[in-house]
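Here's the letter readout for the chains.
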Amino acid sequence: KIIEQYKEDLPKKIIDRIEEVTKKDKSSFNIVWIPTIEDNTQTSFPEKYECQIVRFLRDTLKELSEDKLNEIVKLLLSKEHSIFKRIGIHSINVRYDDLKELFWSISQNPLDNYELTHEIYELLKNNSNKFGKEEISKIIKWIEDKKYYIPDDIKGKLDKEKEIIAFRKKEWYSALKTLSDTDIQEKYKKYDEINHTEIKH
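Worth saying up front: this structure is predicted, and the values here are computed from it rather than measured. (Residues numbered from 1 in each chain as written. Predicted model: local features only at pLDDT ≥ 70, side-chain atom pairs only at ≥ 80, totals over all residues. Heavy atoms only, no water.)

Participant: Outline the pattern of salt bridges, supporting the account with residue identities and numerical values.
Facilitator: Under the counting rule described, the total for this entry stands at 22 salt bridges. The salt bridge partner of Lys 133 is Asp 181, with a shortest N-O separation of 2.9 Å. In this pair, Lys 133 is assigned in helix H8 (residues 133–145) and Asp 181 in the loop between helix H9 (158–174) and helix H10 (182–194), connecting sequence segments 48 residues apart. The class for Lys 133 is partly exposed, based on a relative accessible area of 49%. Taking the shortest distance from any N to any O, the salt bridge between Asp 192 and Lys 170 comes out at 2.8 Å. In this pair, Asp 192 sits in helix H10 while Lys 170 sits in helix H9, placing the two residues 22 residues apart along the sequence. (Salt bridge = Lys/Arg side-chain N within 4 Å of Asp/Glu carboxyl O. Helix = DSSP H or I, 4+ residues; strand = E, 2+ residues; numbered from the N terminus. Buried < 20%, exposed > 50% of the residue type's maximum accessible area, 1.4 Å probe, protein only.)

Participant: Any details on the side chain of Arg 58? Residues and values, ideally.
Facilitator: For Arg 58, the location among the structural elements is in helix H3 (residues 49–62). Side chain to side chain, Arg 58 and Asp 59 meet in a polar contact 2.8 Å long. For Arg 58, the residues in contact, after removing those within four places along its chain, are Ile 37, Glu 38, Asp 39 and His 90. (Polar contact = N/O pair within 3.5 Å; in protein donor to acceptor, adjacent residues only side chain to side chain. Contact = heavy atoms within 4.5 Å.)

Participant: How would you sum up the nonpolar core? Please name residues and give values.
Facilitator: If you look at the biggest cluster of nonpolar residues, it comprises 49 residues, and the most contacted ones within it are Ile 83, Ile 92, Leu 124, Phe 131 and Leu 176. If near-sequence neighbours (up to four positions away) are discounted, Phe 131 is found in contact with Tyr 96, Trp 104, Leu 123, Leu 124, Ile 136, Ile 139 and Leu 176. (Core = buried A, V, L, I, M, F, W, Y, C linked by side-chain atoms within 4.5 Å.)

Participant: An account of helix H4 (residues 66–78) is needed here, citing residue identities and associated values.
Facilitator: Over its 13 residues, H4 runs 18 Å from end to end, which matches the ideal 18 Å to within 8%, given 1.5 Å per residue. Inspection of H4 places Lys 68, Leu 69, Ile 72, Val 73, Leu 76 and Leu 77 among the buried residues, and these make up the whole buried set. Buried residues in H4, looked at end-on, bunch into an arc of 160 degrees, giving them a common side. Of the residues in H4, the exposed ones pointing more than 90 degrees away from the buried face are Asp 67 and Ser 78. As for H4, its buried residues are in contact with helix H2 (10–24), H3, helix H5 (82–94) and helix H6 (96–104). (Expected span 1.5 Å × (residues − 1). Arc of directions from axis to C-beta.)

Participant: Break down the environment of Lys 146 for me, with residues and values.
Facilitator: Mapped onto the elements of the fold, Lys 146 is located in the loop between H8 and H9. For the pair formed by Lys 146 and Glu 50, sequence separation is 96 residues and the distance between their alpha carbons is 30 Å. Among residues more than four places away in sequence, those in contact with Lys 146 are Asn 109, Leu 111, Asp 112 and Trp 172. Only 3.0 Å separates the side chain of Lys 146 from the backbone oxygen of Leu 111, close enough to count as a polar contact.

Participant: Which residues make up the packing of aromatic side chains, and what values do they have?
Facilitator: Per the counting criterion, the structure on display carries eight aromatic pairs. With a centroid separation of 5.2 Å and 90 degrees between ring planes, the pair formed by Trp 104 and Phe 131 is classed as edge-to-face. Here the residue Trp 104 occupies a position in helix H6, and Phe 131 occupies one in the loop between helix H7 (117–127) and H8, the gap between them amounting to 27 residues. Note on Trp 104: relative accessible area 10%, which makes it buried. Here Phe 131 falls in the buried class, since its relative accessible area comes to 9%. Feature note: the residues Tyr 96, Phe 103, Trp 104, Phe 131 and Trp 142 constitute an aromatic cluster, connected by ring pairs. (Phe/Tyr/Trp six-rings, centres within 6.5 Å; stacked < 30°, edge-to-face > 60°.)

So this is what it looks like as structure tokens:
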């Protein structure tokens, strides 16, 4: 009922409240407490204040007009704390046709922020059938240019490094596997040949 009556005014008020909390505690709204923006069994404590207020903002955004939503998601993506970016990317995933320009206008490689991994993966998986050639090329560049984490005990062992990087790249390409695009299929096959490990959530 609150969303129904005050949806136009709510987003900025909720964003301000989240910012108040994050300024006092930078570790708040982390991916341990909020592993996904959508409802998911992975969320161990859905009754926590942080989780409740994120869902409140998420559900409010779903009800906004296209223009208002565009304005708010642009604001979310510009903020430093990853919870804002995660909510913004989730909104683009849900309302891709209305917001796709915001996603493709991201200047830095969004894959380099590990906290955005789940939301970006879901966006790619759910909307890849709407991507054009230019957008597919941009995703390939993001995947190929991403800085992949190599554990200290593996560094210098080139074969092992190659296997880890191949697996991580294969994970991203798995979000696009339903596409018939030749480049995507070849990349997935190439990395699968280097590392056959099955991809699990």
